[in-house]
Amino acid sequence: MSEKGLTPRVRGFIEWQLEHYHEERRQLTAWQAARGNLPPEHTTPYMAQTIRVCDAIRRVLDHHDGTDRRLIRLLYWDRSHNVTGAGLEVGLSKSQAYNRVNRMLKEIAQELGYVCL
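Below or above, wherever it landed, is the structure these notes cover. (Residues numbered from 1 in each chain as written. Predicted model: local features only at pLDDT ≥ 70, side-chain atom pairs only at ≥ 80, totals over all residues. Heavy atoms only, no water.)

1. Structural notes on the packing of helix H1 (residues 8-19) against helix H6 (residues 94-111)
For step 1, the next point in the chain: The N-to-C vectors of H1 and H6 enclose an angle of 95 degrees; their axes lie 10 Å apart at closest approach. One way to sum up the angle between H1 and H6 is to call them roughly perpendicular. Mapping the contact onto sequence places Val10, Arg11, Ile14, Glu15 and Leu18 in H1 and Val101, Asn102, Leu105, Ile108 and Ala109 in H6.
For step 2, the next point in the chain: Of the residues in the contact of H1 with H6, the class split is seven nonpolar, one polar and two charged. (Axes fitted to C-alpha atoms, helices over the stretch in contact; angles between N-to-C directions. Helix = DSSP H or I, 4+ residues; strand = E, 2+ residues; numbered from the N terminus. Parallel < 35°, antiparallel > 145°, perpendicular 65-115°, else oblique. Contact = heavy atoms within 4.5 Å. Nonpolar A, V, L, I, M, F, W, Y, C, P; charged D, E, K, R; others polar.)

Right under this line is the structure:
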């Protein structure tokens, strides 16, 4: 990781995970309903990774306030705003919005073990 933030590869991966978070959660719910009471060792590597990523995102977002969660929703889930527009929507300046988004992306990357901060 550079002084300024995440590498483009890690940042892109985290952003992709955020964009597809709800889709992945739905997939996990369907998968868990279909598998019934099978023990955890019957989990595929893909599903284990999906569970790990979804849980990490949830843990990080649970520790942030409504403003931060709304930024994530506008940027990655609704895809209705860019960072500047989402910041204005929630009452933040452009720099404040970028700082909050970057901090959350770094925290998710750290939670997943992709960076050491």
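After that view, the rundown keeps rolling.
2. Points about the nonpolar core
For step 1, the next point in the chain: By size, the foremost hydrophobic cluster in this structure holds 31 residues, and its most contacted members are Ile14, Leu18, Ile57, Leu71, Tyr76, Leu105 and Ile108.
For step 2, the next point in the chain: Listed by contribution, the elements that provide at least two residues to this core are H1, helix H2 (21-35), helix H3 (45-62), helix H4 (66-77), helix H5 (83-89) and H6.
For step 3, the next point in the chain: Residue contributions to this core peak at seven residues, all from H3.
For step 4, the next point in the chain: Among residues more than four places away in sequence, those in contact with Leu105 are Leu6, Arg11, Ile14, Glu15, Leu18 and Tyr76. (Core = buried A, V, L, I, M, F, W, Y, C linked by side-chain atoms within 4.5 Å. Buried < 20%, exposed > 50% of the residue type's maximum accessible area, 1.4 Å probe, protein only.)

3. Section: the side chain of Asp68
For step 1, the next point in the chain: Residue placement: Asp68 occurs in helix H4.
For step 2, the next point in the chain: With residues up to four places along the chain from it excluded, the contact list for Asp68 reads Arg100, Arg103 and Met104.

4. Looking at the pattern of salt bridges
For step 1, the next point in the chain: Counting across every chain of the model gives 12 salt bridges.
For step 2, the next point in the chain: Across the pair Asp55 and Arg58 runs a salt bridge, and its minimum N-O distance is 3.6 Å. On the criterion of helical spacing, the pair formed by Asp55 and Arg58 is a turn pair, its members being three residues apart in helix H3.
For step 3, the next point in the chain: The partly exposed category is assigned to Asp55, whose relative accessible area is 21%.
For step 4, the next point in the chain: Salt-bridge contacts for Arg100 lead to Asp65; the nearest nitrogen and oxygen are separated by 3.5 Å. Here the residue Arg100 occupies a position in helix H6, and Asp65 occupies one in the loop between H3 and H4, the gap between them amounting to 35 residues.
For step 5, the next point in the chain: The exposure class of Asp65 is partly exposed, given its relative accessible area of 37%.
For step 6, the next point in the chain: Each member of the salt-bridge network shares a partner with another, and the members are Asp65, Asp68, Arg100, Arg103 and Glu107. (Salt bridge = Lys/Arg side-chain N within 4 Å of Asp/Glu carboxyl O.)

None of this, on its own, says anything about what the molecule does.
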